[in-house]
Amino acid sequence: MRKQIAAANWKMNLTLQEAEILIDELMDITHDLKENQKAVFAVPFPFLISVKNKIVDKKNFFVAGQNCYDKKAGAYTGEVSAEMLKSIVVDYVILGHSERREYFNESHPMLAAKINICLENGLKPIFCCGESLAIREAETQNSYVETQLKESLFHLSAEQLTGFVIAYEPIWAIGTGKTASNEQAQEMHAHIRNVMTNQYGAVVSESISILYGGSVKANNAKDIFGQPDVDGGLVGGASLVAAEFAAILNSLK
Ligand code: PGA
């Protein structure tokens, strides 16, 4: 069975003190995960070591960076490298979140380079894709997302994509309280898996975890995660409330 993943994306929220309270609360109320399930905490860089230390003994709990730079090292003031993340035993890195694409002009080639440097350092990317409302209204979301996948992932080998993690996040559903319907989510996830099948074959595509993101909450997670091609979620707002995220973890297949 594919890995089922609930990934918390804290974005640029909380102080260290608040972060520690949140993770302590969550550790107190979360149950053990099944073999095929994972919890991932994409927390701001300054909190990674602290959060990692708090979850390290909990089976199938991991930390993630929310980004990293596409260069190895050097005079790039303010950036964080994949090697730095590796050196503090980070497991995953979110790449290509729509907020990074929009506010920081992250392009397809830049994301391809970031993926490469993460893989070289043994970090697992969580590659985000998804369309804006205008693209959804023009009904061109399938080709739009296909281009995102092609431009940033198709240079990878079948081996590199085996067990890979993709997050589909329709921009119109992020932070808006408006989720994609179960049917819309399933339809796009099946499309993404189909695109990967056509390029890499069913064995590879069936191994890829495709997470849904966009206003996932405790009260809708079970329905969305229940869709056949939805393998968990990337959760923003609701991941900042311990009881909400614990319930979301409990909703994994
Ligand atoms: P949201 O954010 O759950 O607050 O909609 C999801 C995301 O941006 O990853």
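Now for a quick tour of the structure. Predicted model only: the values in this text are computed from it and were never measured. (Residues numbered from 1 in each chain as written. Predicted model: local features only at pLDDT ≥ 70, side-chain atom pairs only at ≥ 80, totals over all residues. Heavy atoms only, no water.)

Bringing the site of the ligand into the picture now. Neighbouring residues of the ligand: 13 residues in total, closest Lys 11, His 97, Glu 169, Gly 175 and Ser 215. At 2.7 Å from an oxygen atom of the ligand is found a side-chain nitrogen or oxygen belonging to His 97. Between an oxygen atom of the ligand and a main-chain N or O atom of Gly 237, the distance comes to 2.8 Å. Protein contacts shield 97% of the accessible area of the ligand, which totals 280 Å² for the unbound molecule. Partitioned by chemical class, the residues of the shell around the ligand number 4 nonpolar, 7 polar and 2 charged. (Near = heavy atom within 4 Å. Polar contact = N/O pair within 3.5 Å; in protein donor to acceptor, adjacent residues only side chain to side chain. Areas by Shrake-Rupley, 256 points an atom, 1.4 Å probe, with all protein chains shown as cover. Nonpolar A, V, L, I, M, F, W, Y, C, P; charged D, E, K, R; others polar.)

Looking now at unusual backbone geometry. Phi is positive for Glu 139, close to 60°, though the residue is something other than glycine. Turning to its location among the elements, Glu 139 is positioned in the loop between helix 6 (133–137) and helix 7 (141–153). One non-glycine residue with positive phi stands out, namely Ser 215, at about 60°. Locating Ser 215 in the fold gives a position in the loop between strand 7 (209–213) and helix 11 (221–225). Taking the relative accessible area as the measure of exposure, Ser 215 reaches 11% and is therefore buried. (Helix = DSSP H or I, 4+ residues; strand = E, 2+ residues; numbered from the N terminus. Buried < 20%, exposed > 50% of the residue type's maximum accessible area, 1.4 Å probe, protein only.)

Another point: the packing of aromatic side chains. Considering all chains together, one arrives at 6 aromatic pairs under this definition. For the pair Tyr 69 and Tyr 76, a centre-to-centre distance of 5.2 Å together with 55° between the ring planes defines the contact as tilted. The aromatic ring of Tyr 92 is capped on one face by Lys 124, whose charged end is 5.4 Å from the ring centroid. (Phe/Tyr/Trp six-rings, centres within 6.5 Å; stacked < 30°, edge-to-face > 60°. Lys NZ or Arg CZ within 6 Å of the ring centre and 35° of its normal.)

Before going further, it helps to spend a moment on the pairing of strand 7. Counting buried residues along strand 7, 5 of its 5 residues qualify, which places the element largely inside the surrounding structure. By the alternation rule, side chains of strand 7 split into Ser 209, Leu 211 and Gly 213 and Ile 210 and Tyr 212, which are all buried. Bridge analysis of strand 7 against strand 8 (residues 232–235) gives 2 bridges, and the strand direction is parallel. Note on strand 8: the bridge partner recorded for Tyr 212 is Gly 233. (Pairing = 2+ DSSP bridges.)

By themselves, these observations are geometric and do not establish any function.
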